[in-house]
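Structural features, examined
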Amino acid sequence: MSRSRLAEIRVKSVIPDNDTGKTDSCLNDSRNLSRFRINSSPNLSPVESLLASLQNPSQVEAINHTNILETHKIISDHYNNLTYNILKSFYPKFCKNHPDIHLEPSKVKGRQLMGKCPICHSQRSLAKNTPLQGLHLPLSYFSYILHEIILSYPNVITSKAIQRRLNLKSYPSAWLLKKRIQAFMRQLNDSFLRQNKEALELEAKQNNNENMPFRGDVSKAIKQRVIVNIDSLAIFSVGVSANKYRSRYRHGGITSSIYRSVKSGGEQVGSLASNITIKGCLSFYESHPLTTSDYAISHLSKVLSPYNVLMADEAYSSLFGKYRNVRLINHSLKAKRKIHTFSRERWSKEGVNSNAVEGANGVLKTAMRQYRWFNCKYSQLYLNEFAVAKNLKFFKMEKNIIFGVNSERDFCGNRIGEGRSCPVLLKY
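Since the model is a prediction, treat every value here as computed from it, not as a measurement.

Comments concerning the sheet that holds strand E8 (residues 326–329)
Pairing within the open sheet is mixed, and its five strands lie in the order E6-E5-E4-E7-E8. Among the strands making up the open sheet, the edge pair consists of strand E6 (283–288) and E8. On average, adjacent strands in this sheet sit at an angle of 25° to one another, irrespective of strand direction. In terms of strand pairing, strand E5 (residues 271–278) meets E6 through six bridges, oriented antiparallel. Within the sheet, the bridge partner assigned to Thr-277 lies in E6 and is Ser-283. Along the sheet, helix H8 (residues 171–206) makes contact with strand E4 (227–236), E5 and E6, crossing E6 at roughly 120°. Of the strands in this sheet, E4, E5 and E6 are in contact with helix H10 (residues 355–368), which crosses E4 at around 30°.

So this is what it looks like as structure tokens:
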């Protein structure tokens, strides 16, 4: 017997059919019988519920991420203090009346980026000429997402992921927050470039600017040297539209093009990057419009001195005469025996190889694939973000400041930008 039939029998046993008058006790009894009434929409089985979701997927509720910065005040205060620490160390602000006194954060609701002098109590913005200028989101969001980006390496965090993680209603808010972090990491990357070049110049002096032999095995000569590799790669390319939409001419990667054909408009769509990798550690990227040697030499001049050991493929033959210790490897070397097409020495020969930069290229392309595509005018920001996430662990002072383990002597405001002398402008 069904549940609805049982409910009807129980109701009839309590309320007679011939009772036309309804007393208060009968009304109360009828109210108490509400638990026996069957819902007009019966409970669906798991399979029926799944089928209903498949038929109308727009009605399915999305899974909302819990924003720990809103639910845990201790965690929010921790990241707030980390952001203040970044501002104090990288962008120090001083009192106009007392030039040697650092401004302290006022921490007043609605004025989170105002600083106050502890002596004369004069106020001044802590975020002026910094990537945080005009920030309307909670201050803790900046450090929290910065940590997530660094700790997620070699993966990346997209703007959509930031929106979900912080439960932001507006996607442009997440996009702009990511651009602020990228502007900060761009300045960090410039600082890393300067420090790296100083270290490599010191390494060359310690080896008395020793020259490598032009021929023969160089394994012993470079055993204690720092080895630098350079290569180029296409992050995003246009295959068919670069060849007038002729599929039989299609190529991929750097053998294609980052520009559309003239018939299709001729504008740049893809992104081309130059990658300089120090074996086992640092990588620096720069976005280029072409693969000419002038761009490569410009990039190399920011990273190393002419006396450091440099290895690349034969596409960089123009570096001879600019750099003394450069050796090239032929990736198209043919095999001596006709049974094979290519020689196994095309990857490493006589101690010369570019395996470090080839591996870094693979990691970079895998990470950039998570974005699907981004506009080429923002490509340098994305490359700097990825480089800083990889290189930060080699720079102890900056790492300690960002993660809040710095001491009193960890102060590097002069490295990033010091208020009036180094203004920071957001260029999107």
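Focus: the side chain of Ser-159
In this fold, Ser-159 is placed in helix H7 (residues 159–166). With residues up to four places along the chain from it excluded, the contact list for Ser-159 reads Tyr-171, Ala-174, Trp-175 and Lys-178.

Side note on the pairing of E5
Across a regular strand the side chains alternate sides, sitting on one face of the sheet and then on the other. The buried fraction of E5 amounts to eight of the eight residues, a majority that puts the element mostly inside the structure. On E5, burial covers both faces: Ser-271, Ala-273, Asn-275 and Thr-277 on one face and Leu-272, Ser-274, Ile-276 and Ile-278 on the other are all buried. Note: E4 against E5, eight bridges, orientation antiparallel. By the bridge assignment, Leu-233 is partnered in E5 with Ala-273. Counting the residues between successive antiparallel strands, the hairpin from E5 to E6 contains four residues, one of them, Gly-280, with a positive phi of roughly 85°.

Quick look at the pairing of strand E7 (residues 309–313)
Burial analysis of E7 places five of its five residues in the buried class, the great majority of the element. Of the two faces of E7, the one lined by Val-309, Met-311 and Asp-313 and the one lined by Leu-310 and Ala-312 are each fully buried. Strand direction decides the pairing type here: E4 and E7, joined by three bridges, are parallel. Residue pairing for E7: Asn-229 is matched across the bridge by Met-311. Direction of pairing for E7 relative to E8: parallel, over a ladder of four bridges. From the neighbouring strand, Met-311 faces E8, where its bridge partner is Arg-327.

Looking at the confidence of the model for the protein chain
Taken as a whole, the protein chain shows an average pLDDT of 81; of its residues, 81% reach a score of 70 or greater. When pLDDT is averaged over each helix and strand of the protein chain, the minimum, 47, is found for helix H2 (residues 24–32) and the maximum, 95, for helix H11 (residues 379–391). Of the regions scoring below 50 in pLDDT, residues 417–428 engages in 27 contacts with residues more than four places distant in sequence or in other chains.

What to know about the packing of helix H5 (residues 73–90) against helix H6 (residues 140–151)
At a minimum axis separation of 7 Å, H5 and H6 run at an interaxial angle of 90°. Considered as vectors, H5 and H6 are oriented roughly perpendicular to each other. Counting all contacts with H5, which are made through Ser-76, Tyr-79, Asn-80, Leu-82, Thr-83 and Ile-86, the residues of H6 involved are Ser-140, Phe-142, Ser-143, Tyr-144, Leu-146 and His-147. In terms of residue class, the contact of H5 with H6 is made up of six nonpolar, six polar and no charged.

Topic: the packing of aromatic side chains
Enumeration according to the criterion identifies 12 aromatic pairs in this entry. Ring plane angle 65° and centroid distance 5.9 Å describe the contact between Phe-142 and Phe-184, whose orientation is recorded as edge-to-face. Of this pair, Phe-142 sits in helix H6 while Phe-184 sits in helix H8; the two residues are 42 residues apart in sequence, bridging distant segments of the chain. Phe-142 sits in the buried class, given a relative accessible area of 2%. By relative accessible area, Phe-184 is classed as buried at 1%. With a centroid separation of 5.0 Å and an interplanar angle of 90°, the aromatic rings of Phe-236 and Phe-374 are classed as edge-to-face. Here Phe-374 lies in the loop between H10 and H11 and Phe-236 lies in strand E4, a separation of 138 residues in the sequence. An identical accessibility class is assigned to Phe-236 and Phe-374; each is buried.

Conventions adopted
Residues numbered from 1 in each chain as written. Predicted model: local features only at pLDDT ≥ 70, side-chain atom pairs only at ≥ 80, totals over all residues. Heavy atoms only, no water. Pairing = 2+ DSSP bridges. Helix = DSSP H or I, 4+ residues; strand = E, 2+ residues; numbered from the N terminus. Axes fitted to C-alpha atoms, helices over the stretch in contact; angles between N-to-C directions. Contact = heavy atoms within 4.5 Å. Buried < 20%, exposed > 50% of the residue type's maximum accessible area, 1.4 Å probe, protein only. pLDDT = per-residue confidence, 0-100. Parallel < 35°, antiparallel > 145°, perpendicular 65-115°, else oblique. Nonpolar A, V, L, I, M, F, W, Y, C, P; charged D, E, K, R; others polar. Phe/Tyr/Trp six-rings, centres within 6.5 Å; stacked < 30°, edge-to-face > 60°.

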